[in-house]
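# Close look at the chain arrangement
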Amino acid sequence: MDKEERKTINQGQEDEMEIYGYNLSRWKIAIVSLGVICTGGFLLLLLYWMPEWRVKATCIRAAIKDCEVVLLRTTDEFRVWFCAKIRLLSLETHPFLSPKSTANKVSNGHAVHLIENPAEENRHELSKYPQTQLQQIRYFTHHSVKYFWNDTIHNFDFLKKLLYGVNEITVKVPSVFKLLIKEVLNPFYIFQLFSVILWCTDEYYYYALAIVIMSIVSIVSSLYSIRKQYVMLHDMVAAHSTVRVSVCRVNEEIEEIFSTDLVPGDIMVIPLNGTIMPCDAVLINGTCIVNESMLTGESVPVTKTNLPNPSVDIKGMGDELYNPETHKRHTLFCGTTVIQTRFYTGELVKAVVVRTGFSTSKGQLVRSILYPKPTDFKLYRDAYLFLLCLVAVAGIGFVYTIINSILNEVEVGVIIIESLDIITITVPPALPAAMTAGIVYAQRRLKKIGIFCISPQRINICGQLNLVCFDKTGTLTEDGLDLWGIQRVENAQFLLPEENVCNAMLVKSQFVACMATCHSLTKIGGVLSGDPLDLKMFEAIGWILEEATEEETALHNRIMPTVVRPPKQLLPESIPTGNQEMELFELPAVYEIGIVRQFPFSSALQRMSVVARVLGDKKMDAYMKGAPEIIASLCKPETVPVDFEKVLEDFTKQGFRVIALAHRKLESKLTWHKVQNISRDTIENNMDFMGLIIMQNKLKQETPAVLEDLHKANIRTVMVTGDNMLTAVSVARDCGMILPQDKVIIAEALPPKDGKVAKINWHYADSLTQCSNSSAINSEAIPIKLVHESLEDLQVTRYHFAMNGKSFSVILEHFQDLVPKLMLHGTVYARMAPDQKTQLVEALQNVDYFVGMCGDGANDCGALKRAHGGISLSELEASVASPFTSKTPSISCVPNLIREGRAALITSFCVFKFMALYSIIQYFSVTLLYSILSNLGDFQFLFIDLAIILVVVFTMSLNPAWKELVAQRPPSGLISGALLFSVLSQIIICIGFQSLGFFWVKQQPWYEMWHPHSDACNTTRSLRWNSSHPYNETELDEHNIQNYENTTVFFISSFQYLIVAIAFSKGKPFRQPCYKNYFFVVSVIILYVFVLFIMLHPVASIDQVLQIVCVPYQWRVTMLIIVLVNAFVSITVENFFLDMVLWKVVFNRDKQGEYRFGTTQPPQASVDRWGKCCLSWALRCRKKIPKAKYMYLAQELLVDPEWPPKPQTTTEAKALVKENGSCQIITIT
């Protein structure tokens, strides 16, 4: 039954979930209600925290088709549970469902090619439901998306074609009360409430009040930040959520409606002066210039053209289905701004609505912000394990207290309070506030250096980053491109490169005409704007662009062209001689070129083209520009120079961005109207190759230094770009990502074709040396693996893989076994689409890398969200999706963030260790005193908890980050050898010295059971001291606080808290030394002096408040010696033994299999070997297989003779019938 009743929704998508059906059970609800009453409401809280338990405790399994409640579980690694209630939708009351209402929304004209008649769709969809069930349809809502029951697939689904709902992206700002309830019901706050109630019954009011105040401050600040984020998101979304729009109805009637009433299939009229799109729509008429910065981070205006008409472009287009991603050049996305439109006379600019509400691209972005994936970090998982250990320790104390109290015939009420009190001592209620302090301080320091954070928990994760992906353009290199020069072609031969394009000799050449016309520039508010590359190209020739006004367009029967012309000073007065065509110069007085038709740049085609006509010319010209390899393939072979590939390779190797130009004369029979309907393929072929434009993309000044810092810190760097492969490799060499002596292996993967299996061709790129004159290293040389005696001195072979987006997709699909190997050494990923960047980040995470992503916001949104630490260098709205945003567009923020992350992570460890020790020290103090039916006094507790613990915790977190990145990385979790050894050793030391004091005081000759008239010091002092306490006798009889054991334990434990605080407050290599943390130093000195003073020189009033008894001066000195020896042992074990032996052993193990860059400091072999000999019996850390997959893989590849692949070989994927569906890899030389 389990298999039958488990379904999957959103299959193959990021939010894929398993779904189970349940029905409410009355008898189960009755039992749970009884349990809630018996547990005082605690069971209700437990069920609130655990949705799975809640559903299983109150419901019984049922068929999904008929269930009342659904239980959902994500299929990712987090396996998060959700539950949702099934609701019913009445068809009669739904405004969008009657065929009559939808008939009014029928599209006409071009839309019929794009989307079916909605009325027919409704009839088709409704036919899936039996007539008896037509009145109501079952659905549930999860993460703002409605899922409706579909009888055809017997599962819940988005029935987008049937039920659309209101076109609105609603971000409801929860009320303060709702947020408060949700925040207060956090398990930690419930535990604090329990502790406060318990302390109040025990008359321990002061600390209870302190915890209440801390909790209130924490809750208020948390509520403020959460509500502020909701309000910001609501304002961002709601600003343009409801606007009035014009839609076309039957018989070309225009009706004005609210955007919330739009449904897919409506034809929307785009106004002339532009608008903010309230939905996703595809253009079917006219052209729009759109600013898409809200979604892509790219503030450059994009030209959108109408969708090709399938009735005209018969060539395979009729069968092609519309896809928003494939046809994004024709799609106007929700939230983007239409700046202006261009249109034909008598025809409006129209677009068909394709997606509404949360289904739109903007809706999906908002959903990803509202419902982010949980961040899985070992520290937080280990923290819960550690708390469970403390709970187990508390359990032992709980049982011990009960047994001890019963044996000593203590009252039942006292037994209950004292046994529960031991739990609140062991699991400190102040722990959440203490853990948050370090992150808050780190966030404040990041803000000072211009890095803003919207997800503070990720700061700790950034401390673990060991690989950072960088976008190239605008991140590693300058944002714009500079024109380096041109290299024209005449008679199928390259001329010499020319730097100056703006001169009279070239003004009427076809080459300059192509540069002047083949672009997507437009004037917005009188300012030329568009793609930066096009802008640089157009500015280089110095021409003038003029666009037709609306009035001029309306006067003519056809679209008025954009006109470009050179400045008058460049035009020669007489006709120049040369190889130029005479007909161009028939009208020497005026030389203008009109752009008749534009085919915009397509990343899939890697080219753009235009049809233009010189004023007065009879024939039109076609100009094309794009990727050199593509342009050359579309030109007549006889016009392409023989040395084309060599010249292109020379430029790309030097890091230049190269664009090729081509031209051809069109037939005179082509009229303006015919050109408007002609297909792209008809124009873009049989061209004449004209030459190359060479653009220079300069490295940012700080790039090489930052990458060198990362390499020294053993942090891998990877380039992910949309640019050309060879250009990317060249930039990687220039910036130091690939060293001069390193080999680059290009993986060219080809998908299965014509019955042949997928294959990878391996090519070794030439290595460029620093000197440009020296000859290139032999490309056939194979990297040599360096052999070492042991893995700790391992130097991984220097080779890098480079591949483009297409190859990456083929490898992901057909070579799953090779993906981890390629991830280990892949350095350059070129021509990567936005979704491929996200897939790359996921692939790197799958081999256990902690991945950072740094991008300028353009096309990097998905990868920035998916990475462990995403840093956006753009302050546009797209940065809302990124956890970190840098105010300065420089990659220098990356090492700063990692340094602060490491400091915050180490601070978290320090605080956690300190709080654990505080709990155990106080737990042991109380346990020792319980054995003699005593306890610490209220003010003793208060002094320890408030004056020592809170002051120390909030000041020890203030250590700033160390000034540079080091090669070591902090451990990722609390459950690691070094940290456990540190905590356990300090626990043993503290327990040992506390026990020593407790039992030794009983051996003193002056010791007796203390009573108000005890004379351990001297009679006079004792009498004087006791005379001031005439009322204490009854209190002492009741609580037995004042005794010699209590005083001894109090003094020793007070010093122990300060000793472990100093021992754990480490500086280098991740934080500044603790002596630079002035608040901490001053606080600790004041506390030391105060405790030392009241111990060596008793003050009656203080002794009275703290309920300390008088002990001989000799015993005070003895206690001081115990404390000094304790301090010496604790600090020696923590800072010398642990750091010099165990810490380095653990770090050295962590570095096995690490990809090392540059020169690293030689390991201290002697120390490591000694440490290994001493500790191998306890930790066996040398024998262990590395935990991280990439480390284990690196060790495996060292002994693999077939890796790296040899030059000029091919790897084929041969599909075999295997259970696991893997492929056999066959290498063919």
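Rules used in this analysis
Residues numbered from 1 in each chain as written. Predicted model: local features only at pLDDT ≥ 70, side-chain atom pairs only at ≥ 80, totals over all residues. Heavy atoms only, no water. Patch = residues over 30% accessible without salt bridge, like charges linked within 9 Å, V, L, I, M, F, W, Y side chains within 5 Å. Areas by Shrake-Rupley, 256 points an atom, 1.4 Å probe, with all protein chains shown as cover. Salt bridge = Lys/Arg side-chain N within 4 Å of Asp/Glu carboxyl O. Helix = DSSP H or I, 4+ residues; strand = E, 2+ residues; numbered from the N terminus. Axes fitted to C-alpha atoms, helices over the stretch in contact; angles between N-to-C directions. Parallel < 35°, antiparallel > 145°, perpendicular 65-115°, else oblique. Left-handed = near helix turned anticlockwise from the far one by under 90°. Contact = heavy atoms within 4.5 Å. Nonpolar A, V, L, I, M, F, W, Y, C, P; charged D, E, K, R; others polar. Phe/Tyr/Trp six-rings, centres within 6.5 Å; stacked < 30°, edge-to-face > 60°. Buried < 20%, exposed > 50% of the residue type's maximum accessible area, 1.4 Å probe, protein only. Lys NZ or Arg CZ within 6 Å of the ring centre and 35° of its normal. Pairing = 2+ DSSP bridges.

## Let's talk about a nonpolar patch on the surface
Taken together, Tyr205, Tyr206, Phe939 and Val1105 make up a surface patch of nonpolar side chains, about 390 Å² in accessible area. Position of Tyr206 relative to the elements: it lies in helix α9 (residues 205-238).

## Structural notes on the packing of helix α36 (residues 1044-1064) against helix α37 (residues 1078-1096)
At their nearest, the axes of α36 and α37 sit 11 Å apart, and the two run at 160 degrees to each other. By the angle between their axes, α36 is roughly antiparallel relative to α37. Considering how the two elements wind past one another, α36 and α37 form a crossing that is left-handed. Every residue of α37 that contacts α36 at Phe1051, Ser1054, Phe1055, Leu1058, Ile1059, Ala1061 and Ile1062 is listed here: Phe1080, Val1084, Leu1087, Tyr1088, Val1091, Leu1092, Ile1094 and Met1095. Its residues placed into classes, the contact of α36 with α37 shows 14 nonpolar, one polar and no charged.

## A word on the packing of aromatic side chains
For the structure on display, the rule yields 25 aromatic pairs. Here the aromatic rings of Phe644 and Phe689 are separated by 5.4 Å at their centres, their planes lie at 80 degrees, and the arrangement is edge-to-face. Here Phe689 lies in strand β32 (residues 688-696) and Phe644 lies in helix α22 (residues 644-653), a separation of 45 residues in the sequence. Between Tyr849 and Tyr1190 the ring centres are 4.1 Å apart and the planes differ by 10 degrees, which places this aromatic pair in the stacked class. You can see Tyr849 sitting in the loop between α29 (834-846) and β38 (851-855) and its partner Tyr1190 sitting in helix α41 (residues 1189-1198), a full 341 residues away along the chain. For Tyr849, a relative accessible area of 2% corresponds to the buried category. Site record: aromatic cluster; members linked through ring pairs are Trp762, Tyr799, Phe801 and Trp1203. Positioned over the ring face of Phe258 is Arg244, at 4.6 Å from the centre of the ring. When the ring centre of Trp962 is taken as reference, the NZ or CZ atom of Lys963 above it lies at 4.0 Å.

## Describing the pattern of salt bridges
Side-chain pairing between opposite charges can occur once the charged atoms of the two side chains come close. Applying the stated criterion across every chain yields a total of 21 salt bridges. A salt bridge links Arg355 to Asp280; the nearest nitrogen and oxygen atoms lie 2.7 Å apart. Taken together, the residues span a long stretch of sequence, with Arg355 in strand β19 (residues 350-355) and Asp280 in strand β14 (residues 280-285) at a distance of 75 residues. We classify Asp280 as buried; its relative accessible area is 0%. We note a salt bridge from Lys646 to Asp650, for which the minimum N-O separation is 3.3 Å. Note that Lys646 and Asp650 are positioned in helix α22 at a spacing of four residues, about one turn of the helix. Assessed through its relative accessible area of 55%, Lys646 is described here as exposed.

## A few points about the sheet that holds strand β30 (residues 621-626)
Pairing within the open sheet is antiparallel, and its nine strands lie in the order β23-β22-β32-β31-β30-β29-β28-β27-β26. Strands with a single pairing partner mark the edges of an open sheet, and in this sheet they are β23 (493-494) and β26 (544-546). With seven bridges joining them, strand β28 (residues 593-602) and strand β29 (residues 607-614) adopt antiparallel strand pairing. When the bridges of β29 are listed, Gly594 appears paired with Arg613. Contacting β22 (482-490), β27 (562-565), β28, β29, β30, β31 (656-665) and β32, helix α18 (residues 510-517) crosses the sheet at an angle of about 60 degrees to β32.

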